[in-house]
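Close look at the chain arrangement
Chain residues, written in single-letter form:
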Amino acid sequence: MAVSPVPNPAPAIAVVGVSALFPGSTDATGFWRDILAGKDLITEVPESHWLVGDYYDPDPKAADKTYCKRGAFLSPIDFDPVEHGIPPSIMPATDTSQLLALMVAKQVLDDATQGQFAAMDKERVSVILGVTSGQELFVEMGARLQRPQWLQGLREAGVPEDEAQVICDRIAAQYVPWQESSFPGLLGNVVAGRIANRFDLGGTNCVTDAACASSLSALAMGLNELTLGHSDMVIAGGVDTFNDISMFMCFSKTPALSATGDCRPFSDQADGTIIGEGLTMLALKRLDDAERDGDRIYAVIRGLGTSSDGRAMSVYAPLSAGQAKALRRTYAQAGYGPETVELLEAHGTGTRAGDAAEFGGLKMVFGDENPRDDLQWCALGSVKSQIGHTKSTAGAAGLFKVVMALHHKVLPPTIKVDRPNPKLEIEQSPFYLNTQARPWVRGTNHVRRASVSAFGFGGSNFHVALEEYVGPGHRAYRARTMPSELVVLTAAEPAALAAEARAIAGGELPAGTLSYLARTTQEGFDVDRPARLAVVAADEADLAKKLLAAAEAIDRAPKEAFGLPTGVHYAFGAEPGDVAFLFPGQGSQYVNMGADLAMAFDEARGAWDATRLVDMGEPLDRVVFPVPVFTDEDRAAQQRRLTETQWAQPAIGAASLAQMAVLRALGLTPDHAGGHSFGELTALAAAGVLSPEALLRVGRKRGELMADAGGEAAGTMAAVALSAAEMEEHLAGWNLDVVIANDNGPKQVVISGSHAAVEEAERRLQGVGATVRRLPVAAAFHSPLVAPASEPFAAFLAGVKFGKAEIPVYANTEAAPYPSAAAKQRALLASQVSRSVRFVEMIQAMHAAGARTFVEVGPGAVLTGLVSEILKDQPFRAVSLDRKGQHGVTALWHGLAQLAVGGVALDFAALWLAYAPAVDPRAKKKPAFSLPICGTNFGKVYPPKGGTAALPKPNPARAVAAPAPAPAAA
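Keep in mind the model is a prediction, meaning the values are calculated, not measured. (Residues numbered from 1 in each chain as written. Predicted model: local features only at pLDDT ≥ 70, side-chain atom pairs only at ≥ 80, totals over all residues. Heavy atoms only, no water.)

1. Remarks on the overall build of the protein
Per the secondary structure count, the protein includes 32 helices and 33 strands. For a compact globule of 970 residues, the expected C-alpha radius of gyration is about 30 Å, and the protein comes in at 33 Å, within 12% of that figure. Overall, the C-alpha framework of the protein stretches about 115 × 70 × 60 Å when taken along its three principal axes. Relative to its 970 residues, the protein shows a buried fraction of 58%. Considering only residue pairs separated by 6 or more positions, the protein has 79% of its internal contacts joining residues 24 or more positions apart. Put simply, the protein shows about 37,800 Å² of open surface, and 54% of that area lies on carbon and sulfur atoms. (Helix = DSSP H or I, 4+ residues; strand = E, 2+ residues; numbered from the N terminus. Rg over C-alpha atoms; globule rule 2.2 N^0.38 Å. Buried < 20%, exposed > 50% of the residue type's maximum accessible area, 1.4 Å probe, protein only. Contact = heavy atoms within 4.5 Å. Areas by Shrake-Rupley, 256 points an atom, 1.4 Å probe, with all protein chains shown as cover.)

Structure (structure tokens):
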């Protein structure tokens, strides 16, 4: 039964605010950072919740014991009761879910209103949350009421009445006493009620319980509120801090928990789920209203479908057909089919039965009923692999992940899958398990689309469809998730610079200060100040350490420049000269090159989006950023495919264009351009001779023609550790069919020729002590053997528009700038395939023309090393922006640090336009009074301090005799 999209009768709903509190983080940015990093937040149960010695037993059948002792738990967070209108005296009688929900609600309201909440009309603002009916405090208070059972047991054991009463008093003292605030404090609905009360919200306030689908149930109600016009803003989401022993017991006796203590959705090692705790809320408005009001928009909700399983074998067994009903209803409402969805956040609990049933329902709707010609086009995952099953918050946690993925245009990872469950046969489905963060590259045929599922005990099914926001309004600010930051300081004199570095390092540096300093120092970067220091730091402690070390070095030698591999660079009075961009050629490519930049900077990702405009039979990004695979053999196959000339050349061009887009955002344009072999095409694009689209088309054609030139008769290549002069001397006496294809450096050339000739040259070179290495190439490039490729390449170039060069572009074969006439440019470029690359002479010519700062733009750092060898006795600076094995953003910072201290003018402010205005964490006012709270209830007596052993020991004189055994049955 295919989905038949219909016009959506409901208004599109905008997500205008987000907030989150999960294990490992205290806000939305932190949680998104943890998601992208694939951080595992599942740990051993902390003593704040329950003691392993009291309740753990590996035997699943052990009475009143759990066989699992791991989960995901909130860290203690400072709570200011005064700020949130909570008398400190009633905190022990108030479930922690209510207290933490106030904090998360404040975050989402601040985000949605951009700090203008006090001025907004609150009368039509509603709060609807997914909260399961049971709360931890309810269990605690109910336990205190078991006194009759305690007494009965003691009496049956023969304990005297007065002593039994004393013992019961001592047991009751282990629980929070009943008081006036207990009733509201333990009610689930008051989670929403306190928010409405504290923030004076006049719309609907309530909670919904659909078990593990509760938060998407709340979302459904919230969408109805907006659609029907009953509310103008809705705060929807989920709250769950219920991770005490009673919840572990519920999941243990089902049984649903993992015996090995981990949550591995869709993995062949999946053996159950892990429970967690967390809170997340989203602020929702009708899209038209959000655009009218100037709100900042994260994503757009297009449809939400619900269903019940109906009659099934079990009230809690998942049913594929029931889940599929919710999916069909969702896409019918959304107005598009599931075949356009490229990210699906599954319920994905990690239970074998649950995952199999869910995958069956997904495959039914995404594959069987809406087939595509290709396979594995939709990324599938579950945030539960990182935070466990957060129960009533589970759907909202997945929704948060998808909203942020759409907003940042990133496909987030699912961890702990070494191999998919083979029974799913996922390779023959529309889905693949996305086990690493990857750029979400998309063409123009439709916007990015994603969906979220949540299912609950009792057969409750929910599915929601979302799109990225591309309208005329404001996009929400990005969340800062960089793995490192770049701090740049300038001063008129070295002493002043060292003093500023010490002042920063010696002050308080709370979390968030690094990002703040990176922004403010970059925006204040003054290249006209001669004393310049740039530091790449991973965190505040790293920054302080490096600033102090730099200050000491500056004091010792104030006029002496230095650059350290750790990312500390300093210079005084450095002049950059002309800036030359150098572009690498084939051999520099590697799988996932440029992925980090594409996820961090819209400019870089936009360059990859543009590759979808060039038809290569398959999207180029799917070859460069391939779907994750699970064996070394498959990974090697992906690398081999990218090495194929027809893919490698346009891929390197795209990676270089992406880096260049970031540099242009910084205001950096070159005075000269050059490349190595294929890189010469990218240099022409940098100069405006070729458009980006033309570069990709020309690169693809060149690669195809060079691939066609492959085969035994087309020869091979080898790298030799000799100078060109030394190599020429040897070749002159050997009379071999071998030429110098690349003169790369003072001690590096590449020879090219027939297989037999190169093999003989290798033998003779080894005989004279030269180091030689065969290259994995398809033909003897840059030799007469591939000259047949030049003619069809020239014919293809005749149909390509060549513009006027804005800067000199140096030709490999001439070691001089390209001619100005387009016809001569085409002829030179066509002949380059079969002629020698005179890279050494080209760099020397660029230096003679005034180039002093050489920036390698593209994957790797090979050209940077070659330039350093070629110009080692002359004034120059060679800078790479990428190093394989290092995070792409950190590598970029290292490169920009060198450029900044070298005196290159950079408009750093352009890189911060997508982020909220800076706030100095050091200036934040600390509350006069705060109390640490976590997922477990504040003031909870159990576990006793020091564990069970700390409980008062029984008086041996009052030891109670064991009851006599019951008489045997007659």
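2. Topic: the sheet that holds strand S17 (residues 460-468)
Within the open sheet, the 11 strands sit side by side as S6-S5-S7-S8-S1-S10-S17-S16-S11-S12-S14. Their pairing is mixed. Strands at the two margins of the open sheet, each flanked by one partner only, are strand S6 (205-208) and strand S14 (431-433). On average, each strand axis in the sheet is tilted by 25° relative to the strand beside it, whichever way the strands run. Alignment of strand S11 (residues 343-345) against strand S16 (residues 449-456), held across three bridges, turns out to be parallel. Note that in S16 the partner of Leu344 across the bridge is Ser451. (Pairing = 2+ DSSP bridges. Axes fitted to C-alpha atoms, helices over the stretch in contact; angles between N-to-C directions.)

3. Section: the pairing of strand S22 (residues 568-572)
Among the five residues that make up S22, four are buried, leaving the element largely enclosed by the rest of the structure. Pairing analysis gives five bridges linking strand S20 (residues 531-537) to S22, with the strands arranged antiparallel. Considered in S22, the bridge of Val535 is made with Val568. Here three bridges tie strand S21 (residues 562-564) to S22, and the two strands are oriented antiparallel to one another. Across the sheet, the residue bridging to Phe562 is Tyr570, located in S22. Taken together, S21 and the strand that follows it, S22, pair antiparallel across an intervening segment of three residues, in which Gly567 is found at a positive phi of about 105°.

4. Brief notes about the packing of aromatic side chains
To describe a pair of aromatic rings, you give the distance between the ring centres and the angle between the ring planes. Scanning the entire structure with this criterion turns up 19 aromatic pairs. Taken together, the ring pairs connect Phe266, Tyr331, Tyr336, Phe359, Phe366, Trp377 and Phe431 into an aromatic cluster. Over the aromatic face of Trp647 sits the side chain of Arg700, whose NZ or CZ is 4.2 Å from the ring centroid. (Phe/Tyr/Trp six-rings, centres within 6.5 Å; stacked < 30°, edge-to-face > 60°. Lys NZ or Arg CZ within 6 Å of the ring centre and 35° of its normal.)

5. What to know about the nonpolar core
Ranked by internal contacts, the top residues of the largest apolar core, which has 180 residues, are Leu284, Leu533, Phe601, Trp608 and Leu896. Examining the composition of this core, we find that 11 residues originate from one element, helix H23 (residues 645-665), more than from any other. Residues within four places of Phe601 in sequence aside, it is in contact with Met482, Val662, Val889, Leu892, Trp893 and Leu911. Ranked by size, the runner-up nonpolar core spans 44 residues in total, among them Phe79, Ile86, Ala101 and Leu201. (Core = buried A, V, L, I, M, F, W, Y, C linked by side-chain atoms within 4.5 Å.)

6. Details of unusual backbone geometry
With an omega of -10°, the peptide bond between Thr254 and Pro255 qualifies as cis. Even without being glycine, Lys409 reaches a positive phi, approximately 60°. With respect to the element layout, Lys409 can be found in the loop between helix H15 (394-408) and strand S13 (410-411). Under the relative-accessibility criterion, Lys409 is labelled buried at 6%.

7. Regarding empty space enclosed by the protein
Counted under the stated rule, the structure contains three cavities of 30 Å³ or more. The volume enclosed by the largest cavity comes to roughly 40 Å³. Residue lining of the largest cavity: Met593, Gly594, Leu597, Ala655, Gln659, Gly858, Pro859 and Asp882, and that is the complete set. Per-class residue counts for the lining of the largest cavity are four nonpolar, three polar and one charged. (1 Å grid on protein atoms, 1.4 Å probe; cavity = no way out; pocket = protein on both sides within 12 Å on 5 of 7 lines; lining within 4 Å. Points joined across faces, edges and corners; volume = space filled by probe spheres on them. Nonpolar A, V, L, I, M, F, W, Y, C, P; charged D, E, K, R; others polar.)

8. Regarding the packing of H23 against helix H25 (residues 692-708)
At a closest axis distance of 6 Å, the pairing of H23 and H25 adopts a crossing angle of 155°. The angle between H23 and H25 falls in the class roughly antiparallel. Where H23 crosses over H25, the handedness of that crossing is right-handed. Judged by residue contacts, Thr645, Gln646, Trp647, Gln649, Pro650, Gly653, Ala654 and Leu657 of H23 engage Pro692, Leu695, Leu696, Gly699, Arg700, Arg702, Gly703, Glu704, Met706 and Ala707 from H25. Residues belonging to the contact of H23 with H25 are distributed by class as follows: nine nonpolar, six polar and three charged. (Parallel < 35°, antiparallel > 145°, perpendicular 65-115°, else oblique. Left-handed = near helix turned anticlockwise from the far one by under 90°.)

9. Concerning helix H17 (residues 513-523)
Counting buried residues along H17, eight of its 11 residues qualify, which places the element largely inside the surrounding structure. If you check which residues of H17 are buried, you get Thr513, Leu514, Tyr516, Leu517, Ala518, Arg519, Thr521 and Gln522.

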